Amino acid sequence: MNTSTTYIASKVLAGEAELVRQHSFTRWMSRDLMQAAGDFCRNLGLVPIYCECSSDHLTRYLFWRPPQGAVFEVRSGRTKEKFEEFDGVNREKTWRLLSLHINESDVYSAVWISPDHFETAKAFLLAHGIATAERRDA
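A few points on the structure. (Residues numbered from 1 in each chain as written. Predicted model: local features only at pLDDT ≥ 70, side-chain atom pairs only at ≥ 80, totals over all residues. Heavy atoms only, no water.)

With respect to the secondary-structure elements, N43 resides in helix α2 (residues 31-43). The exposure class assigned to N43 is exposed, which follows from its relative accessible area of 69%. Sequence-wise, N43 and G15 are 28 residues apart; in three dimensions their C-alpha atoms are separated by 33 Å. (Helix = DSSP H or I, 4+ residues; strand = E, 2+ residues; numbered from the N terminus. Buried < 20%, exposed > 50% of the residue type's maximum accessible area, 1.4 Å probe, protein only.)

Shown next as structure tokens:
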């Protein structure tokens, strides 16, 4: 992994979208509920577009129904090293880093998306008051 890469987490924006965002998140879930909730939503055609992990090891998601053909990778509750490993693999596939949350304990949660659907996903995030993550290479 390129050690000169800087990651800028998604920013939660203040304003009108704040109420929409707060009502759109799932409730905070423990690890044992996370998988079941993810599987249930996936069966409904929904995928996480943004996830957060708390310092109490709880996770919550913002789900959306992606356009046909969009391909994702969602990883939550990872160390920085594991996150960078996943990022390297997704870079090789030319997938874009869409969202990234880093909690106060340096736990990383990220979503990557195939490049042809990045702008659509970005618009959905912005409608919920969340700015996309950034990857900067020095």
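Moving on, we get to the state of the cysteines. Under the definition given, this model contains 0 disulfides. Of all cysteine sulfurs, the one in C51 lies closest to C41, which takes part in no disulfide; the gap is 13 Å. Given a relative accessible area of 12%, C41 falls into the buried group. Between C53, a free cysteine, and C51, which holds the nearest cysteine sulfur, the sulfur-to-sulfur gap is 6.6 Å. (Disulfide = S-S within 2.5 Å.)

Moving on, we come to unusual backbone geometry. One non-glycine residue, T94, adopts positive backbone phi at about 65°. Summarising the element assignment, T94 is placed in the loop between α3 (80-92) and β5 (96-102). By relative accessible area, which is 54% here, T94 ends up exposed. Backbone geometry at D106 places phi at a positive 60°, although glycine is not the residue there. As for its placement among the helices and strands, D106 is situated in the loop between β5 and β6 (108-113).

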